[in-house]
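# Per-entry structural report
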Amino acid sequence: MRRKAERQIGIQELAERLGARLVGRLVGSAGDAVLSDLATLPEAGPDDLSFVSDPKHLDAARESRAGALLVPEGVEIAGRPCLVVGNVWKTLLTAFDLWYPDEPAPEGVHPTAVVDPAAELGAGVSVGPMSVIEAGVKIGAGTQVGAQCFIGRDARIGEGCLLYPGVRIMERIQVGRGVILHSGVVLGADGFKYEVIDAMPVKIPQVGTVVIEDGVEIGANTTIDRAFLNETRIGMMTKIDNLVHVAHNCRIGRMNGIAGQVGFAGSIQTGDGCILWGQVGIRDQAKIGNRVTILAQSGVKDDIPDGETWFGAPAMPVKEAARIVAAQRRLPELMKRVKELEKKAGTE
Amino acid sequence: MRRKAERQIGIQELAERLGARLVGRLVGSAGDAVLSDLATLPEAGPDDLSFVSDPKHLDAARESRAGALLVPEGVEIAGRPCLVVGNVWKTLLTAFDLWYPDEPAPEGVHPTAVVDPAAELGAGVSVGPMSVIEAGVKIGAGTQVGAQCFIGRDARIGEGCLLYPGVRIMERIQVGRGVILHSGVVLGADGFKYEVIDAMPVKIPQVGTVVIEDGVEIGANTTIDRAFLNETRIGMMTKIDNLVHVAHNCRIGRMNGIAGQVGFAGSIQTGDGCILWGQVGIRDQAKIGNRVTILAQSGVKDDIPDGETWFGAPAMPVKEAARIVAAQRRLPELMKRVKELEKKAGTE
Amino acid sequence: MRRKAERQIGIQELAERLGARLVGRLVGSAGDAVLSDLATLPEAGPDDLSFVSDPKHLDAARESRAGALLVPEGVEIAGRPCLVVGNVWKTLLTAFDLWYPDEPAPEGVHPTAVVDPAAELGAGVSVGPMSVIEAGVKIGAGTQVGAQCFIGRDARIGEGCLLYPGVRIMERIQVGRGVILHSGVVLGADGFKYEVIDAMPVKIPQVGTVVIEDGVEIGANTTIDRAFLNETRIGMMTKIDNLVHVAHNCRIGRMNGIAGQVGFAGSIQTGDGCILWGQVGIRDQAKIGNRVTILAQSGVKDDIPDGETWFGAPAMPVKEAARIVAAQRRLPELMKRVKELEKKAGTE
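Residues numbered from 1 in each chain as written. Chains lettered and ligands numbered in written order. Predicted model: local features only at pLDDT ≥ 70, side-chain atom pairs only at ≥ 80, totals over all residues. Heavy atoms only, no water.

### Points about the overall build of chain A
Across its full length, chain A holds 6 helices and 40 strands. For a compact globule of 348 residues, the expected C-alpha radius of gyration is about 20 Å, and chain A comes in at 26 Å, more than 25% above that figure. Seen along its three principal axes, the alpha-carbon backbone of chain A occupies a region of about 80 × 80 × 30 Å. Within chain A, the fraction of its 348 residues that count as buried is 58%. Across chain A, the fraction of contacts at a sequence separation of at least 24, relative to all contacts at a separation of at least 6, is 22%. Carbon together with sulfur atoms contributes 53% to the accessible area of chain A, which is approximately 13,100 Å² in total. (Helix = DSSP H or I, 4+ residues; strand = E, 2+ residues; numbered from the N terminus. Rg over C-alpha atoms; globule rule 2.2 N^0.38 Å. Buried < 20%, exposed > 50% of the residue type's maximum accessible area, 1.4 Å probe, protein only. Contact = heavy atoms within 4.5 Å. Areas by Shrake-Rupley, 256 points an atom, 1.4 Å probe, with all protein chains shown as cover.)

### Things to note about the interface of chain A and chain C
Tallying the contact residues gives 65 residues for chain A and 58 residues for chain C. In terms of surface lost to chain C, no three residues of chain A exceed Arg168, Phe192 and Leu341 of chain A, which account for 12% of the buried area on that side. The interface formed by chain A and chain C includes 6 salt bridges. Between the two partners, chain A and chain C, sit 29 residue pairs in polar contact (both at pLDDT 80 or more). Where the side of chain A that touches chain C is concerned, the elements lending two or more residues are strand S21 (186–189), strand S22 (194–197), strand S23 (200–203), strand S26 (223–225), helix H5 (318–329) and helix H6 (331–345) of chain A. Sort the elements by how many residues they give to the side of chain A that touches chain C and H6 of chain A lands first, with 6 residues. Across the side of chain A that touches chain C, the residue classes break down as 33 nonpolar, 17 polar and 15 charged. (Buried area = accessible area lost by both parts, 1.4 Å probe. Salt bridge = Lys/Arg side-chain N within 4 Å of Asp/Glu carboxyl O. Polar contact = N/O pair within 3.5 Å; in protein donor to acceptor, adjacent residues only side chain to side chain. Nonpolar A, V, L, I, M, F, W, Y, C, P; charged D, E, K, R; others polar.)

### A look at the relation of the copies chain C and chain B
Rotating chain C by 120° and translating it 0.1 Å along the rotation axis places it on chain B, where the RMSD comes to 0.1 Å. The operation mapping one copy onto its partner corresponds to a three-fold rotation axis. (Least-squares fit on C-alpha atoms with pLDDT ≥ 70 in both.)

### Points about the domain arrangement of chain A
Under the domain assignment used here, chain A contains domain 1 (9–99) and domain 2 (108–322). Just the C-alpha atoms count here: the centres of domain 1 of chain A and domain 2 of chain A sit 38 Å apart. (Domains from an automatic or database assignment.)

### Observations concerning helix H4 (residues 88–99) of chain C
Residues and elements named next belong to chain C. With 12 residues, H4 should reach 16 Å at 1.5 Å per residue; the first-to-last C-alpha distance of 16 Å fits that figure. Inspection of H4 places Val88, Trp89, Thr91, Leu92, Ala95, Phe96, Leu98 and Trp99 among the buried residues, and these make up the whole buried set. Buried residues along H4 cover an arc of 155° about the axis, so they all sit on one side. Where H4 begins, one side-chain oxygen reaches toward the backbone nitrogen of Trp89, 3.0 Å away; that side chain belongs to Asn87. (Expected span 1.5 Å × (residues − 1). Arc of directions from axis to C-beta.)

### A word on the sheet that holds strand S21 (residues 186–187) of chain B
Hydrogen bonds along the backbone pair up the strands of a sheet, which may run parallel or antiparallel. Read across the open sheet, the 10 strands follow the order S9-S12-S15-S18-S21-S26-S29-S32-S35-S38 (chain B); overall the sheet is parallel. Edge positions in the open sheet fall to strand S9 (114–115) and strand S38 (299–300) of chain B, since each of these has one partner strand only. (Pairing = 2+ DSSP bridges.)

### Considerations on the state of the cysteines
Applying the stated criterion across every chain, the model contains 0 disulfides over all chains. Looking at the unpaired Cys250 of chain A, the closest cysteine sulfur is the one in Cys274 of chain A, lying at 13 Å. (Disulfide = S-S within 2.5 Å.)

### Description of the packing of H6 of chain A against helix H6 (residues 331–345) of chain B
To describe two helices that pack against each other, one gives the angle between their axes and the distance between the axes. Running from N to C, H6 of chain A and H6 of chain B cross one another at 35°; their axes reach a closest spacing of 11 Å. For H6 of chain A against H6 of chain B, the interelement crossing comes out left-handed. Side by side, H6 of chain A and H6 of chain B meet where Leu331, Leu334, Met335, Val338, Lys339, Leu341, Glu342 and Ala345 of chain A of the first sit next to Leu331, Leu334, Arg337, Val338, Leu341 and Lys344 of chain B of the second. By residue class, the composition of the contact of H6 of chain A with H6 of chain B is 10 nonpolar, no polar and 4 charged. (Axes fitted to C-alpha atoms, helices over the stretch in contact; angles between N-to-C directions. Left-handed = near helix turned anticlockwise from the far one by under 90°.)

### A word on the interface of chain C and chain B
Contact with chain C, which involves 65 residues of that partner, is made by 58 residues of chain B. Here chain C packs against chain B, burying approximately 5,000 Å² in sum over the two surfaces, 65% of which is carbon and sulfur. Of all residues in chain C, Arg168, Phe192 and Leu341 of chain C bury the most surface against chain B, accounting for 12% of the area lost on that side. Here chain C is connected to chain B by 6 salt bridges. Among the salt bridges present, the one from Arg3 of chain B reaches Glu171 of chain C, with a minimum N-O distance of 2.5 Å. Taken together, chain C and chain B are joined by 29 residue pairs in polar contact (both at pLDDT 80 or more).

### Some details on unusual backbone geometry
Keep in mind that most residues, glycine aside, have a negative phi and that most peptide bonds are trans. With omega at 0°, the peptide bond leading from Ala313 of chain A into Pro314 of chain A counts as cis. You can see Pro314 of chain A is positioned in the loop between strand S39 (309–312) and strand S40 (315–317). Here the phi dihedral of Leu243 of chain C falls at roughly 55°; this positive angle occurs in a residue that is not glycine. Tracing the backbone shows Leu243 of chain C in the loop between strand S28 (239–240) and strand S29 (245–246). Take Leu243 of chain C: its relative accessible area is 3%, and that puts it in the buried class.

### A few points about the packing of aromatic side chains
Tallied over the entire structure, the rule returns 18 aromatic pairs over all chains. On the numbers, 6.1 Å between centres and 75° between planes, the contact of Phe228 of chain A with Phe51 of chain C is edge-to-face. Of this pair, Phe228 of chain A sits in the loop between S26 and strand S27 (231–234) while Phe51 of chain C sits in strand S5 (residues 48–51), which puts the two residues in different chains. In this structure, Phe228 of chain A and Phe51 of chain C share a single accessibility class: buried. Above the ring of Phe228 of chain B, the side-chain terminus of Lys193 of chain B is found at 5.2 Å from the ring centroid. (Phe/Tyr/Trp six-rings, centres within 6.5 Å; stacked < 30°, edge-to-face > 60°. Lys NZ or Arg CZ within 6 Å of the ring centre and 35° of its normal.)

### As for the pattern of salt bridges
Residues and elements named next belong to chain A. Considering all chains together, one arrives at 75 salt bridges over all chains under this definition. One salt bridge connects Asp272 with Arg254, and the closest N-O pair in it is separated by 2.7 Å. Of this pair, Asp272 sits in the loop between strand S33 (269–270) and strand S34 (275–276) while Arg254 sits in the loop between strand S30 (251–252) and strand S31 (257–258); the two residues are 18 residues apart in sequence, bridging distant segments of the chain. Taking the relative accessible area as the measure of exposure, Asp272 reaches 25% and is therefore partly exposed.

### As for the packing of H6 of chain B against helix H5 (residues 318–329) of chain C
Their axes nearest at 8 Å, the elements H6 of chain B and H5 of chain C cross at an angle of 55°. On the basis of their axis angle, the class for H6 of chain B and H5 of chain C is oblique. Residues Leu331, Pro332 and Met335 of chain B of H6 of chain B pack against Arg323, Ile324, Ala327 and Gln328 of chain C of H5 of chain C. Grouping the amino acids of the contact of H6 of chain B with H5 of chain C by side-chain chemistry returns 5 nonpolar, 1 polar and 1 charged. (Parallel < 35°, antiparallel > 145°, perpendicular 65-115°, else oblique.)

### Focus on the sheet that holds strand S25 (residues 217–218) of chain B
Residue and element names in this part refer to chain B. In spatial order, the strands read S8-S11-S14-S17-S20-S25-S28-S31-S34-S37-S39-S40; together these 12 strands make up an open sheet with mixed pairing. Two strands in the sheet have a free side with no partner beyond their single neighbour: strand S8 (108–109) and strand S40 (315–317). As paired elements, strand S39 (residues 309–312) and S40 share 3 bridges and run antiparallel to each other. Residue Gly312 lies in a different strand from S40, and its bridge partner there is Ala315. Helix H5 (residues 318–329) contacts S39 and S40 of the sheet and is inclined by roughly 110° relative to S40.

### A short note on the nonpolar core
Counting 179 residues, the largest nonpolar core has Phe264 of chain A, Phe264 of chain B together with Phe264 of chain C as the members making the most contacts within it. Excluding residues that lie within four positions of it along the chain, Phe264 of chain A makes contacts with Val244, His245, Val246, Ala247, Cys250, Ile252, Ile258, Thr270, Leu276 and Ile282 of chain A. (Core = buried A, V, L, I, M, F, W, Y, C linked by side-chain atoms within 4.5 Å.)

### Thoughts on the environment of Ala123 of chain A
Residue and element names in this part refer to chain A. Within the element layout of this structure, Ala123 appears in the loop between strand S10 (120–121) and strand S11 (126–127). Among the residues examined, Ala123 registers a relative accessible area of 61% and is labelled exposed. In this structure, the C-alpha to C-alpha distance between Ala123 and Glu159, residues 36 residues apart in sequence, is 9.4 Å. If sequence neighbours within four positions are ignored, Ala123 has contacts with Ala141 and Gly142.

### A short note on the side chain of Thr222 of chain B
Mapped onto the secondary structure, Thr222 of chain B falls in the loop between S25 and strand S26 (223–224). Looking at Thr222 of chain B, its side chain comes within polar contact range of the main-chain oxygen of Asp241 of chain B, at 2.7 Å.

Structure, rendered in structure tokens:
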């Protein structure tokens, strides 16, 4: 958890700590500006360090009251104290460590937690109040399990994970290293599978698992179902937002970015580096290639080749979708024109 | 929590308690009708008080077996005992207090709850079993914290709030007065923000907060993310339904009504008095004016001016959207007509 | 909970246990194959029993390395050891019981659970750690309540139910027999109902209940709101997936299948045997007939008669919707053709 640290840093010292080149008018107050926090351009005051992460923010930067501006090479703001760096976001991470240092939860198991003696906790693991850890669970070193979490029998959690309060991990689920799970995440509920036997819907046991690879982050109240047999897998470094539904047997690739309320039906595959915007839905069995982008609310029923951007319901390549959307807006007018032609042709 | 109170009330006394004018045929049984519950028109029986909240329910009212009918001025049902009032809904609130009085949870902290000594609880606060309240938390007088809730370090909860079981409020989140949070609500999970640094998606710390203003109600399993810097804000008296996703840095106005499964991307602003129907999605940065209505499932990518009603994906003013929807249904026929014209013109 | 049982079974014995007819080349290794697990066709190895549930999997079956194949009558795979049965899925359930037997939670109340003395637990009920069961609750024999569940005052849970960790059931909610509730399910949060009184949105008390009939299964983080008055009802054997929103006063029929992220507005009725695909949204008050299918992401604003399949937003019968979708893809071309005709007609 990151917490605000009260600290004043002179602009000169700050430049050193951030490995930045200090430029701009530094006479008087600006030169010995003392900074105590980070803020966005519109909200920054004289005590704040702000930043220009995109040239389109240049006007906002000029208007900003920030005491200093973190800027990329070639984007000095005339007459303003600027800290010039190679990569603004990378440098900001250092600034966050100065003013919002990460403070891990205290090591050890809270007395109210129920940890089965047959569970193995690595060095420095912390387990919050009211959490329940069943037999056969293994948790890697340095992992923080928040309050009121549940980790079911024989589950594996890697090193350096962060589980926020109320995360629920069912039996035999496997979570890699450095995974962040937000409150209300459910890993390993049963997949949704029924077969009609003797005219009744009968539940088909779901005995597979879920595998969450290293560096994944999963948002609040997102649910990832266990496989029917074998596994549901979320690839390395993939980031999933809130209230997303991943059905059984999906295989999500590496470094995907999946926005809020996206829904994956069963057995979908995505490649690496895909971006899915909010509320997208994908049909079961669909195969999505590498580096595919799917725009918001799209409904995908077809496979998508590598590198393409799709949109619409049903989804199609974005260029085609855009042409159709544009044409639709002219549709009422088109109807009138056809009527006109019919008049002329006397075919009314 | 409201609970059924077993009580019989004569229709005359009821009229007095509700400040209603008693009209209609009251000889015999009807006149000394005794009422013991509230019910809707189709389900009401002779012991029930029912109500006509809308003229379109007049037929249902005539057919209803209700022992008495709460009606607005000018809507007496001939030959039925009617309690005539100025505002049916306002009067119903009094009727609810008679038969379903609100029974607050018992004051005090349940012995199984873990409340940090450095938390401050106001007068009459109740904390349910298995709840966890961390250091620096301040909770206002009369607030009820249900079972299994989590309130993180330095969070502020105002007076007279109601937290149902399993609400999770992260560090430093601020909740106003008279706020109702239903089970599974998560306030203050990290916003969804990554930047590609050295070819890898890197998490950008989310150190801002969430501010929930007075009188807000938030539905089950809804998630509201904390801001990157500064705050995500839900305006006074705004009501949010279940499974809604509000991303970081949104600023939702006052008295908005937001239906189930709506999704807000980052940094959206809405004005006051907006109504969003179910499953609407809104693009990041969008500015929605005051008193805007957005119909169900719409996908909003543009800003919307004050007072407008929009629909569609992509969303547009409802009149235009309706024309297009109507035209689309005639599209196959239009194709045939164009084919006809081409035949005639010999351009096939 | 089903758990893997380590057991080796000879193919001959397996055939007997499954009541299957053993056919195919059985000389040498195949004949005395020993099987130790279930697997899908592509993942099966020589020690696995796999199955052909659909003729379209015949090629996969021929390529499978499975030690034996469970097949329906008339679908023997030449030269492979096949177990021929009348109903593959039905027989698979027996196979699951061999290798993944169901292991109920230990009977009794965990010492950390808080169970009100005025709650009644049937024979063999298990209550997991940190669960809270309030006064007046009745739980039927053999029901398993997982860790960290909440069951509110006067709620009724039938026999043989399975509540996964973190299920929350509010006051007076009624759950039938053999119901499965996955983690994060919330039954009985307040319906979303406000009336404007004196220019302010005022909450209307929600004092009705939720009734879950026998054999229903509800997915992770799904929310089902309590009624305004009377009840919200989920019919017998209906199966609901994750993150579904059912608003107050809905009456869902029997044996419905409702996929992930579907949203029901208030007072909707569905008949029996309906299938709703993912992310469908339905308007309040809509009446959906029996055996209706609604395809993914559809937005339903009209009532739907028995037996129909609808699609689209707004939804319509699928044949009409398909014609329109097809026509839309040709819309840009149609525009060109009309332009051509106008040229010829000199009406440009």
